[in-house]
2 protein chains.
Amino acid sequence: MFSQIEDFHDWLADEERSHAFDVRPVPLEDLTGWSFHPDTGVIGHHTGRFFTISGLLVDTDQGPVRSWSQPIIVQPETGILGILVKRFGGVPHFLLQAKMEPGNIRPVQLSPTVQATRSNYTRVHGGRPVPYLEYFQTPRRGRVVADVLQQEQGSWFLHKRNRNIIVEVDEEVPVLPGFCWLTGEQIGELILIDNLVNMDTRTVLAGYPPAPGPEDPEVRDASDVAALSWFTEARAGRRLDRGLIPLNEVKDWVRADGRISHRLDRYFSVMGVSVEIDNREVSRWSQPMVAPRERGVIAFLARRPPASDDLELLVRAHTQAGTFDVVEMAPTVQCAPGNHDPDRRPPFLDHVLSAPPERILLDVVHSEEGGRLYHAENRYLIVEVDADFPDDVGEDFRWMDARRLARFGRHCDHVELEARSLLACLRFLDPFPRQGAHR
Amino acid sequence: MFSQIEDFHDWLADEERSHAFDVRPVPLEDLTGWSFHPDTGVIGHHTGRFFTISGLLVDTDQGPVRSWSQPIIVQPETGILGILVKRFGGVPHFLLQAKMEPGNIRPVQLSPTVQATRSNYTRVHGGRPVPYLEYFQTPRRGRVVADVLQQEQGSWFLHKRNRNIIVEVDEEVPVLPGFCWLTGEQIGELILIDNLVNMDTRTVLAGYPPAPGPEDPEVRDASDVAALSWFTEARAGRRLDRGLIPLNEVKDWVRADGRISHRLDRYFSVMGVSVEIDNREVSRWSQPMVAPRERGVIAFLARRPPASDDLELLVRAHTQAGTFDVVEMAPTVQCAPGNHDPDRRPPFLDHVLSAPPERILLDVVHSEEGGRLYHAENRYLIVEVDADFPDDVGEDFRWMDARRLARFGRHCDHVELEARSLLACLRFLDPFPRQGAHR
């Protein structure tokens, strides 16, 4: 436990120094244990496990581009992302881990207590057992405060889901090297630092329940139904057809110089890395990764309704290549600006990028999944608009208070990963409403 | 509107008399417009629309039989099931329709205000426009009180979903011939009559919101999380792999005498019917149907916790061939007894079938979807057990109060069709808790 946040930073600096690591790009052809399938070009591991990089053909009635093909990470297994909570002196503390991931820009970041793919925790690669795993498996002793299957980024992953689980315990918990207890307040401070709280931690923390709002239960139920009806309308009205295709049949993507890239140099590349690292389950390996072309922008427009203590967020009904069930609730803006022609800028992007400083409630750069994505980061923003900003800004958008969005996030396939990252910030940071059990 | 329920029965008798119809089984080979694909044996319509009957290969780690293949109805489109509500003298009335369906045992049943496949309402078969459809399409004038995508039976349909929507309006609504307004109380009476309130009506009515219970919002949220954690555990822990295969490669099923049946004469047959009917969009057609082998048993065990006004139901985490997302919340018992070897009787089936009369809170036979299923009916039961019936009856089961289960039903892919049928009964009938807006 850290009585001051400086102590945490000292501890983290020690952790960083103690991690010897070396991550270097290598041509896809040189990856040990990985190869291109001779017929399809699909990249896979010789054991048939971990993940593959395949081709995906997408056909939809949404968005400016309605039919395309792309490489996609296929990993049809369910990992565990678990955070352990324990009260010390009545104050909830969260057990996080300083963990190196090969794709991270800042190599060591704060990850959940447990962050394990099924391959990890069933130890197909013969690594060490996953510490603390037993707290998240049945029969468990603690109290589950959040537990839901959530998807990863739909633009790069096909149906990859993780179980996001928070368990509170009363018993003594040994703190292993590399792990630390942090309060909600400390997390609120650290989540404002670029590339420190990793994606897995953010998506789990987004589920940490706030106190219920002051809403009357009957009003709350009726408002939930209205919001869900908007969601149903979007799901029922859209078409999203997908099929896996050979990687070597993906149109407009070329394999050259040991990587696979789009011919316009947009979106992302598939590349290889060779990794040496001293505190992972396995200390040396190589693997393919997906490297986005540029930093993305992920933002909510927010307004403060006069009669409420909660922020209202402009939520978007969003369809991505890998979305499990056609549509999820997403931030107002979510894009890599360079992927869009000037005449097809996503709605509200310019509004966000040109907001005056006093309207910017949050502005922080966070990393995405460092185990499959290479140097993937996004600028996360919350931009306030006037309370009288129009209610109706098109059928793809809907104002929804943050508490309600967080509550929908208890149900799988409702709230997109990127929105969960922003909800985690909102949940833990000042000056936002932050009542709740952890106070 | 009917001041007495006898008036309704007189009206229905008139409706029945005015419907001239003739449904007769015909060999699959004789269906007009339908044929077997020469290579795969898949049954389809010459337009490529409506639905197909294909083969499905299932492989799972659940249940006594873990790998099988079967015929399955494939209809990857989203229909609309909508019920219009309007208050007369402050009392909500529901607009239902006396409708003939070719598969019904009792031919004319009460169906929703709108019951339309996408093929219906986009009129690919050149039929008449669907009355009242405009109330359920945007922009709509009324207030949405329920709106969710729900699946049909997972044993016979692959991913067939309908939008289940209830809209309340204040304006004048013309009552077309064949339609009538019924109060919640009248529905509560009629839902106790065998084969009268059809499946589509039941699944929509299950979503009619009860008043929120007396639970403290914070307690309610925590209990929701605990119940959803059980659901997540089941989803994350189970495997369900499926793939469409040619219908003529389905193992253990034989085509003979104009139908396709299982070699043990279990489960169901695929058969053909020829239909002549006078009040449908099209008055004459033929089509394939699925005919279950016998009447099924669908039951909740229920108990009355001392401190609650709500019934607790023993909910099962259930996986079926066509379940969209591995597991849904289902009744305690759901089976056709004859499909099971005597040494593999489903849990609690004998408990339900041997319950003494005073423990049986509900016992009624209802029909399933009459448009695709032929003479499909199930006996629906709610059987009370002692309040001290064990809490822990295995990880597949969990006690859950009816109000909570109904609330989860607002989210798609949570509550199975069969459970929704029982919830509809609970919602509308005496002597069950029945507070709410319609009182």
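Residues numbered from 1 in each chain as written. Chains lettered and ligands numbered in written order. Predicted model: local features only at pLDDT ≥ 70, side-chain atom pairs only at ≥ 80, totals over all residues. Heavy atoms only, no water.

J.: Honestly, the pattern of salt bridges in this entry has me stumped. Any pointers?
T.: Any two side chains of opposite charge can pair, on the condition that their charged atoms come close. Scanning all chains against the criterion turns up 74 salt bridges over all chains. One continuous salt-bridge network, built from bridges that share partners, spans E215(A), D224(A), D401(A), R404(A) and R407(A). (Salt bridge = Lys/Arg side-chain N within 4 Å of Asp/Glu carboxyl O.)

J.: Looking at this structure, I do not really get the nonpolar core. What am I missing?
T.: In a soluble, globular protein the nonpolar side chains are often hidden away together inside. Core analysis: the biggest nonpolar cluster contains 76 residues, and F8(B), L182(B), L313(B), M329(B), L405(B) and L423(B) have the highest contact counts within it. With near-sequence residues (within four places) excluded, L423(B) lies in contact with A206(B), L313(B), A402(B), L405(B), A406(B) and V415(B). In this structure, V85(A), V145(A), M289(A) and V327(A) belong to the second largest nonpolar core, which totals 75 residues. (Core = buried A, V, L, I, M, F, W, Y, C linked by side-chain atoms within 4.5 Å. Buried < 20%, exposed > 50% of the residue type's maximum accessible area, 1.4 Å probe, protein only. Contact = heavy atoms within 4.5 Å.)

J.: Which parts of the structure should I look at to understand helix α1 (residues 5-18) of chain A?
T.: Every α-helical turn comprises 3.6 residues, leaving residues that sit three or four positions apart pointing alike. All names here are of chain A. An ideal rise of 1.5 Å per residue puts 20 Å on 14 residues; α1 measures up with 20 Å between its terminal C-alpha atoms. Looking at α1, one finds that the buried residues are I5, F8, W11, L12 and E15. Viewed along the axis of α1, the buried residues span an arc of 110 degrees, placing them on a single side of the element. Projecting away from the buried face of α1 at angles above 90 degrees are the exposed residues D10 and R17. (Helix = DSSP H or I, 4+ residues; strand = E, 2+ residues; numbered from the N terminus. Expected span 1.5 Å × (residues − 1). Arc of directions from axis to C-beta.)

J.: Can you help me understand the side chain of D310(A) in this one?
T.: Residues and elements named next belong to chain A. By the secondary structure assignment, D310 is in the loop between β19 (296-303) and β20 (312-318). By relative accessible area, which is 8% here, D310 ends up buried. At 2.9 Å, the side chain of D310 and the backbone nitrogen of R403 are in polar contact. (Polar contact = N/O pair within 3.5 Å; in protein donor to acceptor, adjacent residues only side chain to side chain.)

J.: Explain the environment of P210(B) to me, please; I cannot follow it from the model alone.
T.: Residue and element names in this part refer to chain B. The topology assignment puts P210 in the loop between α4 (199-205) and α5 (217-237). Given a relative accessible area of 27%, P210 falls into the partly exposed group. On a C-alpha basis, the gap between P210 and K86 in space is 16 Å, while along the polypeptide they are 124 residues apart.

J.: Would you mind going over the interface of chain B and chain A with me for this structure?
T.: As a measure of interface size, the accessible area lost when the parts come together is often cited. Across the boundary between the two partners, chain B contributes 34 residues, which contact 34 residues of chain A. Interface of chain B and chain A: buried area, both sides summed, is about 3,100 Å²; carbon and sulfur atoms make up 51% of it. The interface formed by chain B and chain A holds 10 salt bridges in total. The interface formed by chain B and chain A contains 19 residue pairs in polar contact (both at pLDDT 80 or more). Of all the secondary-structure elements, those providing two or more residues to the side of chain B that touches chain A are β10 (143-151), β12 (161-168), α5 and α7 (402-408) of chain B. In terms of residue class, the side of chain B that touches chain A is built from 13 nonpolar, 6 polar and 15 charged. (Buried area = accessible area lost by both parts, 1.4 Å probe. Nonpolar A, V, L, I, M, F, W, Y, C, P; charged D, E, K, R; others polar.)

J.: Is there a simple way to think about the domain arrangement of chain A in this case?
T.: Residues and elements named next belong to chain A. On domain assignment, one finds that chain A holds domain 1 (5-22 + 77-205), domain 2 (24-60 + 245-292) and domain 3 (217-240 + 295-427). Placing the centre of domain 1 and that of domain 3 at their C-alpha centroids yields a distance of 24 Å. Roughly 2,900 Å² is buried in total at the junction of domain 1 and domain 3, and carbon and sulfur atoms are behind 51% of that figure. Its largest share of buried area at the contact with domain 3, domain 1 owes to Q151, I191 and R202, together 21% of the area lost on that side. At the surface where domain 1 touches domain 3, the tally comes to 3 salt bridges. Residue R161 pairs with D413 through a salt bridge whose shortest N-O separation is 3.1 Å. The interface formed by domain 1 and domain 3 contains 22 residue pairs in polar contact (both at pLDDT 80 or more). If you list the elements that add at least two residues to the side of domain 1 that touches domain 3, you get β10 (143-151), β11 (157-158), β12 (161-168) and α4 (199-205). At 5 residues, the largest contribution of residues to the side of domain 1 that touches domain 3 is made by α4. Here the side of domain 1 that touches domain 3 is built from residues that sort into 13 nonpolar, 13 polar and 7 charged. (Domains from an automatic or database assignment.)

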